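# Close look at the chain arrangement
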Amino acid sequence: MLALSRKKGEALILNNDIEITVLEIKGDQVKLGIQAPKEVPVYRKEIYLQIQKENQDSMNIDGLDALKKLF
Amino acid sequence: MKLVSKLFGEINIDNSKIVEFENGIIGFPDLKKFTLIYDEENEGGGINWLQCIDEPEFALPVVNPLFISEKYDPFINDELLRPLGELNENNLCVLVTITVPQDIKKLSVNLKAPIIINVEKKKGTQLIVEDNFPVKYEIYNVLESRKAEEEGGK
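Now for a quick tour of the structure.

Calculation criteria
Residues numbered from 1 in each chain as written. Chains lettered and ligands numbered in written order. Predicted model: local features only at pLDDT ≥ 70, side-chain atom pairs only at ≥ 80, totals over all residues. Heavy atoms only, no water. Helix = DSSP H or I, 4+ residues; strand = E, 2+ residues; numbered from the N terminus. Salt bridge = Lys/Arg side-chain N within 4 Å of Asp/Glu carboxyl O. Core = buried A, V, L, I, M, F, W, Y, C linked by side-chain atoms within 4.5 Å. Buried < 20%, exposed > 50% of the residue type's maximum accessible area, 1.4 Å probe, protein only. Contact = heavy atoms within 4.5 Å. Pairing = 2+ DSSP bridges.

### Here's the deal with unusual backbone geometry
Residues and elements named next belong to chain A. Phi is positive for N15, close to 55°, though the residue is something other than glycine. Looking at the element boundaries, N15 is found in the loop between β1 (11–14) and β2 (18–26). Despite not being glycine, N16 has its phi angle at roughly 75°, a positive value.

### Description of the pattern of salt bridges
A full pass over the atoms with the stated rule returns 8 salt bridges over all chains. Across the pair B:E79 and B:R82 runs a salt bridge, and its minimum N-O distance is 3.0 Å. Close ionic contact of B:D103 with B:K106 constitutes a salt bridge, the shortest N to O distance being 3.9 Å. Linked by salt bridges that have partners in common, A:E39, B:E79 and B:R82 make up one network.

### Some details on the nonpolar core
Formed by 27 residues in total, the largest nonpolar core has its most connected members in A:L67, A:F71, B:W49, B:I98, B:L107 and B:V109. Here the element with the most residues in this core is helix α2 (residues 64–70) of chain A; it accounts for 3 residues. Beyond its immediate chain neighbours, meaning those up to four positions away, B:L107 contacts A:L67, A:L70, B:I98, B:T99, B:V100, B:P101, B:Y137, B:E138, B:I139, B:Y140 and B:L143. Ranked by size, the runner-up nonpolar core spans 16 residues in total, among them B:V19, B:C52, B:I115 and B:I117.

### Digging into the pairing of strand β5 (residues 48–52) of chain B
Residue and element names in this part refer to chain B. The element β5 is extensively covered by neighbouring structure, given that 5 of its 5 residues are classed as buried. Of the two faces of β5, the one carrying N48, L50 and C52 and the one carrying W49 and Q51 are both buried. As judged from the 4 bridges shared by strand β4 (residues 33–37) and β5, these two strands associate in the antiparallel manner. Residue T35 lies in a different strand from β5, and its bridge partner there is Q51. Across 4 bridges, β5 lies against strand β6 (residues 59–63) in antiparallel orientation. Within β6, the residue paired with W49 across the bridge is P61.

As structure tokens, then:
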């Protein structure tokens, strides 16, 4: 992983069209500003992982016959 | 093309019915090509399957969310749908995934991350919506009572 140090107000540019700015640092919390093309989805990782897990679980079907009976 | 799927055995896939998910589905960026398998008996009202073409062992059971709850109307930023082309009521298909745990009574749908498909352009995407919809919305009771009603009405 690339590790870069940034101060408040400094930013990173990703891929020419995404800018991530450190807006505020308060204790152990950092507020980031993200400027990206509007069709680029930005998600909090914990929610992303939750959906990934749900997709994974959805593809692992245990009770197919029981499911068919319900519909 | 022919495909050996885990759930349905050997199936014939109509190449013109393959939907492309440019960025895959969430958490699985390499799963880009899917086809929708319908249950003819249910005329689209029941479970459909989003069968993955890239990895035939993967298929997601999906359902039209309006079949579960008529009130499902998440806010979706139009810009995120732009890669799908222009959407209208004739080409828009919204689905939510079904999760089938060992305990069938915990059966749920994921209302937080709907799948949106432009059926004309054959392009699809899965999004996480900002609204406070649950990832696990349990549906066993809804389906049971509906089934009971249908059978009572016969």
